[in-house]
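Below, each chain spelled out in residue letters.
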Amino acid sequence: GEFKYLLGKPPQGNAWTVFKGLPEDGETPDQTAMREFAEETSIPFPFADLSDCKKTTLFGRTSAKLLEIYLVEAPKEFSITSFDIEKVVKIDSGYMEGKPEIIE
């Protein structure tokens with residue numbers, strides 16, 4: 001079968017990346033993944049939970065962090081055409097402060 005992955009491009013460079021972030025207080029890894037997806041794409045996460053997804057863990061070479069990666073099959077009606085850069089969460093510190101976390 002054919003696989004397609006939805007990645008985002010951050011404003012700091014020209015590399016594509018997975019959607020990621022740190023958990024908020026009391027948040028589970030699953031809740032963090034769903035929130036980060038919605039914040040960084042401006043698209044609501046299309047499922048109520050991540051019970052049907054595949055999970056894997058890998059070490060981020062550039063971030064030196066252990067990343068938990070979730071792979072889910074998008075529903076047939078899922079569309080990225082509703083991406084709205086104005087609704088993407090903004091970076092809140094550093095030299096990129098105020099820029100969207102994902103630009104494409």
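Note that the structure is a prediction, hence the values are computed from the model and not measured. (Residues numbered from 1 in each chain as written. Predicted model: local features only at pLDDT ≥ 70, side-chain atom pairs only at ≥ 80, totals over all residues. Heavy atoms only, no water.)

1. With respect to the environment of V18
Right, on to step 1. Structurally, the position occupied by V18 is in the segment before α1 (29–41).
Right, on to step 2. As for V18 and G8, which are separated by 10 residues in sequence, their C-alpha atoms are 6.3 Å apart.
Right, on to step 3. With near-sequence residues (within four places) excluded, V18 lies in contact with L7 and I69. (Helix = DSSP H or I, 4+ residues; strand = E, 2+ residues; numbered from the N terminus. Contact = heavy atoms within 4.5 Å.)

2. Quick look at the pattern of salt bridges
Right, on to step 1. Evaluated as defined, the whole model comprises six salt bridges.
Right, on to step 2. Notably, a salt bridge pairs D30 with K55, separated by 3.0 Å at the nearest N-O pair. Taken together, the residues D30 in helix α1 and K55 in strand β1 (residues 54–60) connect sequence positions 25 residues apart.
Right, on to step 3. In this structure K55 comes out as partly exposed when scored by relative accessible area, which is 45%. (Salt bridge = Lys/Arg side-chain N within 4 Å of Asp/Glu carboxyl O. Buried < 20%, exposed > 50% of the residue type's maximum accessible area, 1.4 Å probe, protein only.)

3. Points about the confidence of the model for the chain
Right, on to step 1. When pLDDT is averaged along the chain, the result is 83, and 95% of the positions lie at 70 or above.
Right, on to step 2. Mean pLDDT per element in the chain: β1 is the minimum at 79, and α1 is the maximum at 90. (pLDDT = per-residue confidence, 0-100.)

4. So, a nonpolar patch on the surface
Right, on to step 1. A cluster of nonpolar side chains, namely Y5, L7, W16, V18 and L71, defines an oily patch on the protein surface of about 480 Å² accessible area.
Right, on to step 2. You can see Y5 is positioned in the segment before α1.
Right, on to step 3. On the basis of relative accessibility, which here comes to 56%, the residue Y5 falls in the exposed class. (Patch = residues over 30% accessible without salt bridge, like charges linked within 9 Å, V, L, I, M, F, W, Y side chains within 5 Å. Areas by Shrake-Rupley, 256 points an atom, 1.4 Å probe, with all protein chains shown as cover.)

5. Quick notes on the nonpolar core
Right, on to step 1. Judged by nonpolar contacts, F19, M34, F37, I43, F45, L50, C53, Y70 and I102 together constitute the single largest core of nine residues.
Right, on to step 2. Excluding anything up to four places from it in sequence, Y70 contacts P29, D30, A33, L50, C53, K54 and K55. (Core = buried A, V, L, I, M, F, W, Y, C linked by side-chain atoms within 4.5 Å.)

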